[in-house]
Amino acid sequence: MEESKVQALHDTLSKLKKSAGLGVASHYNFSGKIKTTTVDGKAIREDGLPNNPLYFPFVREGTYDPSKSNAKKYGDGRVIKRNFDDCKPVTPTSDGTSSSDGSDSEDEETKKKRKLEKKERKKAEKKAAKLEAKRQAKIEEKKRAKLEAKKLAKRNSISLNEESEEHKS
């Protein structure tokens, strides 16, 4: 190929090259520029990690300093919380759930009491409804037995009347 065509191809491809990514030029890269040194013609990272794209976003433990102005440049204004002394410790309870110490535990206790009371109330209502249904069934059975007894008595009285009339004649 001619030199001009090769140059034009190179220019076109460099324009199409993806410029925004998670590499060093990106605003998502908090580590800044990676420091490398050249030894025997090979670039070696000063932090000891391998020099390939897989390890570019990583830094050695303890090398990141958030107090540097470079770190603030990439942030979006939010503060990273690094001191958790004001948080209440979470302790597991005997039933497997976790609860925190302090006033929240009192609220949880009252919630549990309310829940138990509601459960007991529901249970009592269910039992009362069951007993009422039983009572109604008993009353219906008594009414049916009484009606049956009346019909039987009526039949017996009719049959007795018929027998007495037959004896008279």
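Right above here is the structure, for reference.
Residues numbered from 1 in each chain as written. Predicted model: local features only at pLDDT ≥ 70, side-chain atom pairs only at ≥ 80, totals over all residues. Heavy atoms only, no water.

(A) Broad picture of a nonpolar patch on the surface. On the surface, a nonpolar cluster with roughly 330 Å² of combined accessible area is contributed by Leu9, Leu13 and Leu16. Structurally, the position occupied by leucine 16 is in helix α1 (residues 3-16). Classification of leucine 16 by relative accessible area gives exposed; the value is 67%. (Patch = residues over 30% accessible without salt bridge, like charges linked within 9 Å, V, L, I, M, F, W, Y side chains within 5 Å. Areas by Shrake-Rupley, 256 points an atom, 1.4 Å probe, with all protein chains shown as cover. Salt bridge = Lys/Arg side-chain N within 4 Å of Asp/Glu carboxyl O. Helix = DSSP H or I, 4+ residues; strand = E, 2+ residues; numbered from the N terminus. Buried < 20%, exposed > 50% of the residue type's maximum accessible area, 1.4 Å probe, protein only.)

(B) Examining a positive patch on the surface more closely. A cluster of like positive charges, contributed by Lys115, Lys119, Lys123 and Lys127, occupies part of the molecular surface. In this structure, lysine 127 sits in helix α3 (residues 103-168). Classification of lysine 127 as exposed rests on a relative accessible area of 58%. (Lys, Arg positive; Asp, Glu negative; His and termini not counted. Charge placed at Lys NZ, Arg CZ, Asp CG, Glu CD.)

(C) Region of interest: the side chain of arginine 45. Here arginine 45 is to be found in strand β2 (residues 42-45). Within the structure, arginine 45 has its side chain in polar contact with the side chain of aspartate 47 (distance 2.8 Å). Those residues in contact with arginine 45, other than ones at most four positions away along the chain, are Ile34, Lys35, Thr36, Pro50, Asn51, Tyr55, Phe56 and Phe58. (Polar contact = N/O pair within 3.5 Å; in protein donor to acceptor, adjacent residues only side chain to side chain. Contact = heavy atoms within 4.5 Å.)

(D) Quick peek at unusual backbone geometry. At aspartate 40, a position not held by glycine, the phi torsion is positive, near 55 degrees. By secondary structure assignment, the location of aspartate 40 is in the loop between β1 (36-39) and β2. For aspartate 40, a relative accessible area of 77% translates into the label exposed.

(E) Representation of the pairing of β1. The sheet contact formed by β1 and β2 spans 4 bridges and is antiparallel. Opposite threonine 36, over in β2, you have arginine 45 as the bridge partner. Linkage of β1 to β2, two consecutive antiparallel strands, is achieved through a turn of 2 residues, within which aspartate 40 is found at a positive phi near 55 degrees. (Pairing = 2+ DSSP bridges.)

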